[in-house]
Amino acid sequence: MLDKVSNKPLQPPASLIQLMRKLIERVQTGERQLGDGITHVLLGEYSSEAFFQQEQATVFRKYPVILGHLSELAEPGSYMQHDALGLPIVLTRDLEGDLHAFLNVCRHRGTRLVHADGPCKGKTLVCPYHGWTYELDGRLRHIPLLEEGFPGIDCAKQSLVELPSAVRAGLIWVLPTAEADMDIDAYLGPMAAELEYLIPPGFTLFKRFESTRKANWKLVVDAFLEAYHVRVLHRNTVYPFFKDAWAVSEVYGPHYSSLVGRRRLDEAFDLPPVQWDLREFGSYTQFVFPNSVFVHHPDYSSVLTLFPQGVDSVRWVHLMLIPEEQNTVARQAHWQETLNLIEKGVFQAEDLFVAESAQSAIHSGANDTMTLGRLEYLIQNFHDELHAAIDRG
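The rules behind each value
Residues numbered from 1 in each chain as written. Predicted model: local features only at pLDDT ≥ 70, side-chain atom pairs only at ≥ 80, totals over all residues. Heavy atoms only, no water. Helix = DSSP H or I, 4+ residues; strand = E, 2+ residues; numbered from the N terminus. Rg over C-alpha atoms; globule rule 2.2 N^0.38 Å. Buried < 20%, exposed > 50% of the residue type's maximum accessible area, 1.4 Å probe, protein only. Areas by Shrake-Rupley, 256 points an atom, 1.4 Å probe, with all protein chains shown as cover. Lys, Arg positive; Asp, Glu negative; His and termini not counted. Charge placed at Lys NZ, Arg CZ, Asp CG, Glu CD. Polar contact = N/O pair within 3.5 Å; in protein donor to acceptor, adjacent residues only side chain to side chain. Contact = heavy atoms within 4.5 Å. Expected span 1.5 Å × (residues − 1). Axes fitted to C-alpha atoms, helices over the stretch in contact; angles between N-to-C directions. Parallel < 35°, antiparallel > 145°, perpendicular 65-115°, else oblique. Nonpolar A, V, L, I, M, F, W, Y, C, P; charged D, E, K, R; others polar. Phe/Tyr/Trp six-rings, centres within 6.5 Å; stacked < 30°, edge-to-face > 60°. Lys NZ or Arg CZ within 6 Å of the ring centre and 35° of its normal. Pairing = 2+ DSSP bridges. pLDDT = per-residue confidence, 0-100. 1 Å grid on protein atoms, 1.4 Å probe; cavity = no way out; pocket = protein on both sides within 12 Å on 5 of 7 lines; lining within 4 Å. Points joined across faces, edges and corners; volume = space filled by probe spheres on them.

When you go through the protein residue by residue, the secondary structure sums to 12 helices and 20 strands. Its C-alpha atoms give the protein a radius of gyration of 22 Å, within 12% of the compact-globule value 21 Å for 393 residues. Overall size of the protein, expressed as C-alpha extent along the three principal axes, is 80 × 55 × 35 Å. Sorting the 393 residues of the protein into buried and exposed places 52% on the buried side. Of the roughly 17800 Å² of accessible surface on the protein, a fraction of 51% belongs to carbon and sulfur atoms. Taken as two groups, the 35 positive and 50 negative side-chain charges of the protein have centres that lie 3 Å from each other.

Set out below in structure tokens:
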């Protein structure tokens with residue numbers, strides 16, 4: 001893996017090497033990483049409207065979330081809307097190349113400025129109601145009939161409402177609360193270096209895939225916090241590439257970094273760490289609280305974000321990121337086939353299918369709780385962190 005600027009090999013963070021070493025040692029000794037015991041999650045966490053409203057008011061307003069990849073706004077003078085948070089947001093790349101996130105709301109009568117889906121090009125944002133016009137850096141540029149209609153108005157105080165934003169690993173992180181403080185490096189901690197390595201500067205968006213499924217968003221997160229299900233649920237798709245439930249994890253505050261052993265892991269046993277092929281011997285996955293999952297495949301990465309639309313509805317967003325130099329006409333068929341396998345064959349038909357299946361049975365009366373075994377310890381950690389965040393909120 002090369003640094004796009006220096007063209008030199010990127011050095012993996014020590015934490016990724018340590019995860020690989022930890023996995024190899026456990027496979028060799030036959031001792032899986034386990035939690036302390038069986039635990040339970042109340043079904044109300046997936047079905048209670050009151051609990052859902054608490055989540056919306058706290059974790060989905062007070063923590064950074066991923067709204068896109070920088071390659072979607074590759075050029076100055078581009079912008080796109082984002083509505084999945086239940087908040088009208090517009091991301092812009094101003095004419096100087098700087099990134100911004102604003103509430104997609106005109107300061108005059110509150111009309112939405114951008115309605116189009118996907119990236120757009122333009123030098124300004126124009127309100128379709130009365131024509132108030134804004135620069136892509138948020139400044140109010142023009143009010144029709146200014147002197148007659150708005151004598152004495154201070155245009156400098158009518159800029160768009162900006163949200164804290166930052167770019168790390170090429171991803172656009174936004175804190176969806178105006179005038180809040182966001183230190184993205186402090187928030188991500190060691191995860192920042194891992195993501196910068198696994199999603200290097202040379203990665204670009206191949207395809208954004210979105211869908212809405214009938215499941216609580218946490219049921220989808222739960223599915224990506226354990227490898228116990230891989231042999232059964234994914235037996236006809238990706239399981240042939242993996243060992244059975246061999247995974248290790250590290251906890252970084254509310255975030256988790258995990259490594260699932262691939263079939264080729266045995267090749268690393270007699271090699272020094274400098275010769276380990278990190279993406280071929282295992283699949284690194286990360287979870288960044290509250291709603292982002294990263295799955296790093298041998299030659300590309302999937303960035304998954306879960307946006308609740310209701311207590312039993314989730315907006316699924318999958319950004320498939322590939323090496324920019326391989327985003328060629330000759331490789332399009334390969335990448336499309338790869339997307340079809342992972343998105344339609346694995347994520348939609350298997351992971352999201354079982355989330356919907358569990359949601360549909362929540363009110364059946366068969367269970368009072370979700371039961372978690374010792375291989376599913378990260379799921380309990382996630383729910384504990386969620387409760388702590390709501391309590392702080």
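A word on the side chain of T58. Residue placement: T58 occurs in the loop between α3 (49–57) and α4 (59–62). Overall, the relative accessible area of 7% leaves T58 in the buried class. Here Q54 takes part through its backbone oxygen, which lies 2.6 Å from a polar atom of the side chain of T58. Residue contacts for T58: discarding those within four places in its chain leaves Y63, A389, I390 and G393.

So, about helix α12 (residues 377–392). With 16 residues, α12 should reach 22 Å at 1.5 Å per residue; the first-to-last C-alpha distance of 23 Å fits that figure. Within α12 the residues assigned to the buried category are Y377, L378, I379, Q380, F382, H383, L386, A389 and I390.

All right, on to the packing of α3 against α12 then. The packing of two helices is summarised by the inter-axis angle and the distance between the axes. Close contact between α3 and α12 brings their axes to 9 Å; oriented N to C, the two are set at 70°. Here α3 is positioned roughly perpendicular relative to α12, judged by the angle of their axes. Touching F51, Q54 and E55 of α3 are L386, H387 and I390, all from α12. When the residues that make up the contact of α3 with α12 are grouped by side-chain class, the tally is 3 nonpolar, 2 polar and 1 charged.

Counted by the stated rule, this structure contains 11 aromatic pairs. Counting every residue linked through ring pairs, the aromatic cluster contains F60, W217, Y256, F287 and F382. Seen from the ring of W246, R32 lies directly overhead, with NZ or CZ sitting 4.2 Å from the centre. Directly above the ring of Y239 sits R263, whose terminal nitrogen or CZ lies 4.9 Å from the centroid.

Attention now moves to the sheet that holds strand β3 (residues 78–82). Taken in spatial order, the 5 strands line up as β6-β3-β4-β5-β10 in an open sheet, and their pairing is antiparallel. Of all strands in the sheet, those with a lone pairing partner are β6 (120–121) and β10 (162–163), marking the two edges. Here 5 bridges tie strand β4 (residues 89–93) to strand β5 (residues 99–103), and the two strands are oriented antiparallel to one another. From the neighbouring strand, V90 faces β5, where its bridge partner is F102.

The subject of this paragraph is the confidence of the model for the protein. Summarising the model, the protein shows a mean pLDDT of 95, and 98% of its residues fall at 70 or more. Per-residue pLDDT stays below 50 along residues 1–8; that stretch engages in 15 contacts with residues further than four places along the chain or on separate chains.

Glancing now at the layout of surface pockets. Over the atoms, a rolled probe matching the size of one water molecule traces out where space is still vacant. Considered as a void within the structure, the largest pocket measures approximately 750 Å³ in volume. Taken together, 36 residues line the largest pocket, and the ones lying closest to its centre are V238, F242, S283, V295 and H297. Secondary-structure elements contributing two or more residues to the lining of the largest pocket are β14 (242–252), β15 (255–262), β16 (282–288), α11 (332–360) and α12. Residue contributions to the lining of the largest pocket peak at 7 residues, all from α11. Residues of the lining of the largest pocket, tallied by class, amount to 22 nonpolar, 10 polar and 4 charged.

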